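Each chain, letter by letter, is given below.
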Amino acid sequence: MSELLLRDARIQGHEGPADLLIRDGRIAALLTPGADGPDGFAGEVEDLNGRLVLPGLVDGHAHLDKTLWGGPWVPHNSGPGLMGKIRNGQERRPDLGIPNADHITALLENMIVCGTTHVRSHVDVDPLVGLGSVEAVREALGRLDGRISAELVAFPQAGMLISPGTETLLEEALKAGVEMIGGLDPAGVDRDPVRHLDAIFGLAGRYGAGVDIHLHDGGTLGAWQFELIIERTRALGLGGKVTISHGFALGDADPATRDRLIEDLADVGIALATVAPARGALPLRALTEAGVPVTLGNDGVRDLWSPFGDGDMLERAFFQARATGARDEDIELALDAATRGAARALGLEAHGPAVGDHADLVVVDARNAAEAVCVRPRRSLVVKAGRIVARDGRLA
Ligand SMILES: [Zn+2]
């Protein structure tokens, strides 16, 4: 039995300070401060001195395989537009040695010290790299030995129908145990949304996989693809296992279309993932109030798509709050999309911190959630499954 006592903790939503007793990876009890723990307690004790305990941060949309983190600085010279970025990534990837398990490990380490306890990563699958990116990400995760949990999405970054052989490789990835299947702009990139989505959803149904589709297409084209995804999710009973990433069409739809789509997303059980873009933010409050779970993610970190970011989900929550509202309740909503809301979107159960929940936690020197997002203090302690995995900005 493993035990850990976090003394004098301030817990979001909990009246007054408490001592958190963690046993075998779960929060076993919230005790009156000052207790020595239960009789016979022989575990580790950490004094938090009133610091704030938040649920472990969840990155619901990453691209771990693409990162150059920890390597030399590579000047960003991607062409304009989505297709320019796709071509640039495909062409330069071999020369730069991407994917690279060392870079992926280094980025994951930084995510851990920043308090992320779970990540969903899209991983490129195409005829050039085959399943090499899946293998590199798995190798990096293995090196980190449970300090962070992950789920992978087999992602046709270069398109599926326009990139012959990709559909077969996506199926190979699912056979190899990849948890989810991805899609990419069924109309804008693959030019045939019905065929694209029928193939993706067909594979998801056959292998019991989740679905997470990148949908950058905006306007009526994007809104129509929302409808196609909603139809297929409903028909196959995949509610709770489908995510639309980006979903820019929702942000720029007219109010009537937006409200209708949000109602249908809630009804059928589709989540949204956003990376808090500078323009075209999702209507976070309307989605939350309708019961559509939203997860935030860092997207690419220092890769051929973007030189920005460091994997810190508090920073991502800060960007989201900057885009959607500065009141404390708006900032809390943005943080929720990086913690409990993200867990709902990803189907992670018991993402605390309440008694019985998984002990995935991050401790910060802040008085409340809004201050944590605005100040983004160094993470004093990160706990994954009841084990201290980082302390004061360093891996434990
Ligand atoms: Zn993405």
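The structure under discussion appears in the preceding block.
Summarised in this report is the structure supplied together with it. Quick caveat: nothing in here was measured; it's all calculated off a predicted structure. (Residues numbered from 1 in each chain as written. Predicted model: local features only at pLDDT ≥ 70, side-chain atom pairs only at ≥ 80, totals over all residues. Heavy atoms only, no water.)

### Quick notes on the coordination of the zinc ion
When four donors bind a metal tetrahedrally, each ideal donor-metal-donor angle is 109.5 degrees, and when six bind octahedrally, the ideal angles are 90 or 180 degrees. Filter applied, for reference: The rule for donors is simple: N, O or S, within 2.8 Å of the metal, or within 3.2 Å if the metal is Na, K or Ca. Water isn't counted, so a site may look like it is missing partners. Site shape is set this way: if four donors have all angles between 85 and 135 degrees, tetrahedral; if opposite donors are over 155 degrees apart and all others between 65 and 115, square planar for four donors and octahedral for six; otherwise irregular. The secondary structure listing takes helices from DSSP runs of H or I that are at least 4 residues long and strands from runs of E that are at least 2 residues long, numbered from the N terminus.
At 2.1 to 2.8 Å from the zinc ion lie its protein donor atoms, namely H61 (NE2), H63 (NE2), H214 (NE2) and D299 (OD). In this structure, the zinc ion is coordinated by 4 donor atoms arranged in irregular fashion, with angles at the metal of 87 to 170°. Read in sequence order, the donor residues for the zinc ion give the motif H-x1-H-x150-H-x84-D. Here the residue H63 occupies a position in the loop between β6 (57-62) and α1 (81-92), and H214 occupies one in strand β10 (residues 210-215), the gap between them amounting to 151 residues.

### Regarding the pairing of strand β12 (residues 270-274)
Two faces make up the sheet, and in a regular strand the side chains alternate between them. Selection rule: Per-residue accessibility, obtained with a 1.4 Å probe over protein chains only, is compared with the maximum for each type, and a residue is labelled buried under 20%, exposed over 50%, and partly exposed between these values. Whether two strands pair depends on DSSP finding at least two bridges between them. For the handedness criterion, the strands are oriented away from the viewer, and a crossover whose path from the first strand over the helix to the second runs clockwise is classed as right-handed.
Buried residues dominate β12, accounting for 5 of its 5 residues. Taking every second residue as pointing to the same face, both faces of β12 are buried, with I270, L272 and T274 on one and A271 and A273 on the other. Here strand β11 (residues 242-246) runs beside β12; their pairing, made up of 4 bridges, is parallel. Along β12, the bridge assignment pairs S245 with A273. One ladder, built from 3 bridges, connects β12 with strand β13 (residues 294-296); its direction is parallel. Bridge pairing in β13 links A273 to T295. Read as a crossover between parallel neighbours, the route from β12 over helix α9 (residues 284-290) to β13 is right-handed.

### Some thoughts on the pairing of strand β15 (residues 379-384)
Along β15, 6 of the 6 residues are buried, which leaves the element largely enclosed by surrounding structure. Note: strand β14 (residues 361-364) against β15, 4 bridges, orientation antiparallel. When the bridges of β15 are listed, V362 appears paired with V382. Where β15 and strand β16 (residues 387-391) come together, 4 bridges link them in antiparallel fashion. Pairing of K384 across the sheet is with R387, part of β16. The turn linking β15 back onto β16 is made up of 2 residues, and A385 within it adopts a positive phi angle of 50°.

### Quick word on the state of the cysteines
Each disulfide consists of a covalent bond between the sulfur atoms of two cysteine residues. Just so we agree on the cut-off: The term disulfide is used for any two cysteine sulfur atoms that are within 2.5 Å.
Under the criterion given, the structure shown has 0 disulfides. For the unlinked cysteine C114, the closest cysteine sulfur is that of C374, found at 17 Å.

### What about unusual backbone geometry?
For the bond running from I98 to P99, omega is 5°, close enough to zero to count as cis. Within the secondary structure layout, P99 lies in the loop between α1 and α2 (101-113). P353 follows G352 through a cis peptide bond whose omega is 5°. If you trace the backbone, P353 turns up in the loop between α12 (340-346) and β14. The residue D24 is not glycine, and still its phi comes out positive at about 50°. Its location among the elements puts D24 in the loop between β2 (18-23) and β3 (26-31).

### Brief notes about the packing of helix α10 (residues 313-324) against helix α11 (residues 328-336)
Where we set the bar: Interaxial angles span 0 to 180 degrees and are taken between N-to-C directions of axes, which are lines fitted to C-alpha atoms, for helices over the stretch in contact. For this classification, under 35 degrees means roughly parallel, over 145 means roughly antiparallel, 65 to 115 means roughly perpendicular, and everything else is oblique. Crossings are classed by handedness, with left-handed meaning an anticlockwise turn of the near helix from the far one by less than a right angle and right-handed meaning a clockwise turn. Contacts are assigned to residue pairs that have any heavy atoms within 4.5 Å of one another. Gly counts as polar in this scheme, as do all residues outside two lists: the nonpolar Ala, Val, Leu, Ile, Met, Phe, Trp, Tyr, Cys and Pro, and the charged Asp, Glu, Lys and Arg.
One can describe the packing of α10 onto α11 by two numbers: an axis separation of 8 Å at closest approach and a directional angle of 135°. Here α11 runs oblique to α10, going by the angle between their axes. As for how α10 packs across α11, the hand of that crossing is right-handed. Of the residues in α11, those touching α10 at L314, A317, Q320, A321 and T324 are D330, I331, A334 and L335. Here the residues of the contact of α10 with α11 are counted per class, giving 6 nonpolar, 2 polar and 1 charged.

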